[in-house]
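# Structure assessment
Read off the chains here:
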Amino acid sequence: MKRIIHFILFFSFIGLTALAQGPGGRPGGSGGGENGRPSRSTDGPSSAFSMDDKTPKGNAKVTGFVIDSAVTVAVEYANIALVNEANNQVQDGTMADENGKFQFTRVAEGTYTFKVTFIGYKDTFVKGVKIKKGDDIDLGVIKLAISSKVLDEVTVTGLKSLIEEKVDRLVYNAENDVTSKGGDGSDVLRKVPMLSVDLDGNVSLRGSSNIKVLINNKPSTIVASSVADALKMIPADLIKTVEVITSPSAKYDAEGTSGIINIITKKSSIQGYNLSLNSGVGFRGSNLGLNGNLRIGKLGFSLGGFGRSFYNKANTTLDQTTIGKLYNTTTVQSSDAKDNGLFGRYNLGIDYEISKSAYLNGSVSFGTRNFKRYEDMITDVYQDTDLITSQNRLVDSKNSSNNVDVNLDYVKIFKPSHEWSISTQYSQNNLTNNFTADIISLEGTANSQQQNINLNINKEITLQTDYMVPVKSNQLFEVGVKGIFRDVNSDYKYLVGIIGSLEADSRNPAGILQYNQNIKAGYLQYTYSTKNKLTFKVGTRYEHTSIDAVDKGLALSIPSYDNLVPSVNISKTLGGGTTLKLAYNNRISRPGLEQLNPNFNTANPQNIRLGNPSLRPEISNNVEFGISKIMQRNYMNLTFFGRQTNNSILQITSPSDTLLGALVTTYENIGVQKTAGANLFGNFFLTPKWTINGGIDLYYKYLEGQVQTLDGFELADNDGIVISGRLMSMLSLKNDWKIQAFTGMRGRDISLQGFTTGMAFYNIGLQKGFKDDKGSIGIGFENFINGMTRISESNSAIFTQRSVNYIHNQNIKVNFSYKLGNMKFVERKKTKSVNNTDVKGGSEGAQGGGF
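Residues numbered from 1 in each chain as written. Predicted model: local features only at pLDDT ≥ 70, side-chain atom pairs only at ≥ 80, totals over all residues. Heavy atoms only, no water.

Moving on, we get to the overall build of the protein. When you go through the protein residue by residue, the secondary structure sums to five helices and 43 strands. Residue burial in the protein is summarised as follows: out of 851 residues, 57% are buried. Relative to all contacts within the protein whose residues are 6 or more apart in sequence, the contacts with residues 24 or more apart total 69%. With an accessible surface of roughly 34,800 Å², the protein has 57% of that area assigned to carbon and sulfur atoms. (Helix = DSSP H or I, 4+ residues; strand = E, 2+ residues; numbered from the N terminus. Buried < 20%, exposed > 50% of the residue type's maximum accessible area, 1.4 Å probe, protein only. Contact = heavy atoms within 4.5 Å. Areas by Shrake-Rupley, 256 points an atom, 1.4 Å probe, with all protein chains shown as cover.)

Right, let's talk about the packing of aromatic side chains for a bit. In the structure shown here, the tally under the stated rule is twelve aromatic pairs. Both rings, one in Phe102 and one in Phe104, keep their centres 6.2 Å apart while their planes meet at 75°; by these two values the pair is edge-to-face. Residue Phe102 shares its accessibility class with Phe104, and that shared class is buried. The interplanar angle of 75° and the centroid separation of 6.0 Å between the aromatic rings of Tyr410 and Trp420 together place this pair among those described as edge-to-face. Here Tyr410, found in strand S20 (residues 386-415), pairs with Trp420, found in strand S21 (residues 418-441); they are ten residues apart in sequence, far enough to count as distant. Of the residues examined, Tyr410 reaches a relative accessible area of 23% and is grouped as partly exposed. (Phe/Tyr/Trp six-rings, centres within 6.5 Å; stacked < 30°, edge-to-face > 60°.)

Moving on, we get to the sheet that holds strand S5 (residues 110-117). What holds strands together in a sheet is hydrogen bonding between their backbones, with the strands either parallel or antiparallel. Taken together, the four strands give an open sheet; going across it, the order is S3-S2-S5-S6, and neighbouring strands pair in antiparallel fashion. In the strand order of this sheet, the two ends are held by strand S3 (89-95) and strand S6 (124-131), each with one partner. Direction aside, the axes of adjacent strands within the sheet are offset by 25° on average. The pairing of strand S2 (residues 79-84) with S3 spans six bridges and is classified as antiparallel. Across the sheet, the residue bridging to Asn79 is Met95, located in S3. (Pairing = 2+ DSSP bridges. Axes fitted to C-alpha atoms, helices over the stretch in contact; angles between N-to-C directions.)

The subject of this paragraph is the pattern of salt bridges. Evaluated as defined, the whole model comprises ten salt bridges. Between Arg726 and Asp697 there is a salt bridge whose closest N-O contact spans 2.7 Å. Here Arg726 is found in strand S35 (residues 712-732), whereas its partner Asp697 is found in strand S34 (residues 690-709), with 29 residues between them in sequence. This pair shows no difference in class: Arg726 is buried, exactly as Asp697 is. Salt-bridge contacts for Lys701 lead to Asp749; the nearest nitrogen and oxygen are separated by 3.3 Å. Of this pair, Lys701 sits in strand S34 while Asp749 sits in strand S37 (residues 749-751), placing them 48 residues apart in sequence. (Salt bridge = Lys/Arg side-chain N within 4 Å of Asp/Glu carboxyl O.)

Let us now look at the nonpolar core. By size, the foremost hydrophobic cluster in this structure holds 29 residues, and its most contacted members are Leu189, Val242, Ile261 and Ile263. Counting 22 residues, the second largest nonpolar core, distinct from the first, contains Val75, Ala78, Val107 and Tyr121. (Core = buried A, V, L, I, M, F, W, Y, C linked by side-chain atoms within 4.5 Å.)

Next up on the list: the sheet that holds strand S7 (residues 136-144). Spatial ordering of the open sheet is given by S4-S1-S7, a layout of three strands whose pairing is mixed. Taken across any chain shown, the strands that pair with only one partner, and hence form the sheet edges, are strand S4 (101-107) and S7. Ignoring which end each strand starts from, the neighbouring axes of this sheet average 20° apart. Here strand S1 (residues 60-68) runs beside S7; their pairing, made up of seven bridges, is parallel. Within the sheet, the bridge partner assigned to Val66 lies in S7 and is Ile142.

To continue, consider unusual backbone geometry. One non-glycine residue, Arg106, lies in the positive phi region at around 60°. Mapped onto the elements of the fold, Arg106 is located in strand S4. Relative accessible area serves as the criterion here: at 52%, Arg106 is assigned to the exposed category. Of note, the phi angle at Lys552 is positive, near 55°, even though the residue is not glycine. Here Lys552 is to be found in the loop between strand S26 (534-551) and strand S27 (554-556). By relative accessible area, which is 46% here, Lys552 ends up partly exposed.

With that settled, consider the pairing of S35. Across 20 bridges, S34 lies against S35 in antiparallel orientation. Along S35, the bridge assignment pairs Leu703 with Asn718. Between the antiparallel neighbours S34 and S35 lie two residues. In terms of strand pairing, S35 meets strand S36 (residues 737-746) through eight bridges, oriented antiparallel.

Sheet topology note: the strand S33 (residues 663-687)/S34 ladder contains 16 bridges and is antiparallel. Its bridge partner lying in S34, Thr687 is registered against Trp690. Between the end of S33 and the start of S34, which pair antiparallel, lie two residues.

Here the focus is the side chain of Asp466. Following the sequence through the fold, Asp466 ends up in strand S22 (residues 448-471). At a separation of 2.9 Å, a polar atom in the side chain of Asp466 contacts the side chain of Gln464. Dropping the residues within four chain positions of it, Asp466 is found in contact with Lys251, Glu419, Trp420, Ser421, Val479, Gly480 and Tyr523. (Polar contact = N/O pair within 3.5 Å; in protein donor to acceptor, adjacent residues only side chain to side chain.)

Here Asp380 lies in strand S19 (residues 358-383). At 13 Å, Arg393 is the nearest oppositely charged side chain to Asp380, a buried residue that forms no salt bridge. Among the polar contacts made by the side chain of Asp380, one reaches the side chain of Ser390 at a distance of 2.6 Å. Leave out the neighbours within four places in its chain, and Asp380 touches Thr330, Thr331, Val332, Leu387, Thr389 and Ser390. (Lys, Arg positive; Asp, Glu negative; His and termini not counted.)

The structure is reproduced here in structure tokens:
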């Protein structure tokens, strides 16, 4: 509690300092962006035009919005020139933000023409605007039409690029994806450049699973527990964009050695009300969602709910051998599994405009997950060639959670790019990870039962404040402090005996893990832009981490540690739409909750998993160089990257000391990882009706670490080249019909002790839009020819293991959506939010036994 009081006092000091540095003013279009994201101005005080100091200045203000005339969506980063009609000279210039809003301040008296331009659109002029001293003029909505030079004699459809590149991130516009409707977050992320998602929903970026996933710039305890589970709770229909940040600046938490993934959901930008219904029915799953928004003057409300159920089957075979000094033990196992899941997420949000320059935003979101698996497993164990045991194991697993996130945020905008914010969050996740196994002996001995009960509670409090101020017209200074206070508890026990009469298992004693982690952080960041479009963003972040942990009543010796994390981002805009980028950053990756949980998970007693509460953080160095090219509405990007991670947290498998022929997989800080490669991707408009985009990821991966042998430990290594790719195409037809196809593949990946084979997936969707864009109906086909097969192999001097998993994931689904409401286009209110990026996500999905 003392730590929290100290942070509150420090926040108050920062707030008084910010209020003393400038008078309140009307919010500018260059301030904080939607959902708490920094808008373009936070990446550097830049302008589409360079003015000299002789340009007349006044005190008038002019604002407006730029939208696409065909689909009434914002035209982000359109250029607006202020032309004085007296001499036909450009007096000033600016650029529209992500909401299409632009703003001019300090405009002198006179009569002006506003020229609005953007690649692929016709130039638009607003002429004869008379401005007097002190005026505050709203030009309203300015509509841009696609240029006749690119129409190619077909109807305008106003398609927006699925892939866009911004100053510090790549953006995938998921709202334009037809094939993902009715799916979940993992279906969307599979199509995002540089990302790879396996069959369980586990995500990796450029070959590394050490990433941080945010939802609307906010963390969540359900994400910390398992990224795969969190993605299942997010409907694809509600995802607006996915942002991939490969070189985070000092403003972000130092966590996530390979980068950050930020999932932005759709939010209201209306005056009035709207109500939308999204539903889908398929062979493998169904979904239902209802969302509503209401805005009356300065007060806005949002309410949403989503539920999704799924059903699947899987067949698995396992062959493994442990090698001993006297004999070898071989396990032959086969299983048939049926999975049933029910996921839901519900949210209530409110925002209030306190004044023209101050905003308050609050939200409560509740998530629920209920995953059940019934598995029929037959296991034969041989000692050399002699069968020593044969067993039928009926396993009923339950993996469920209830999660709540409460946020309250305040932002004060003094003038464009000059603002102060306070963000707070309370998050709690209650998890249950149990299984009951009926053990039927095939040798005629008595039947028995085994239960594992694992109850967990994760609590997290975050306090954060940020302050940013421009220096002259081409510099930006940012500073902030943050405190994260985590309390994690895991209560686990085993019961064994005959059915109806169970008692504690002496071989697997019960235990309680209490794990408290406190993080204090602060950062400084400076951005400088030159007249020749060269931008430098440099910063450093300091983090102090302290841990108190008790496992089974014994205190764990985990020392506190300090990290100073530098970052450098340099970009240069050349002629002809070409941009060069060079970046370096140092990152850390704290062990995630799944890696820490000491619960001995023996749902499959021949393939056991458990965590390690004594893990220490990883430290990595990252460098990348990229070149991008915009050609009218087409876009290409090529990026080279390299990463080295020391003290790497790796999965290590070794034979069990107590269970005959069993293997135990846990986590240790024993490795080094080195990765180097390239990403190539592009987005092309073949016609205004037809787009195609795709990419390829290629990298070399090297791993090194200690593994167990018969006589102790030895240094082992593994390396290989990993190739992944994706291709998508969308065609808009007459009468509001759309067709979209997608295919992708994830290449063979390596681990320290083995590899996992690649996989391919594909789908096609057809959609019919209703009149006035009120809704749509569609049908989708997923992997309709065959299911997926994944093979994993691991080996060392003392064991071999081969697992083959076949998943029946063919699916046909029908989707329906409809909207009601009285909508009016208005500016989205400024918000800030907590942005925790400091915990390594789980890598085993729902079956990992994590917190």
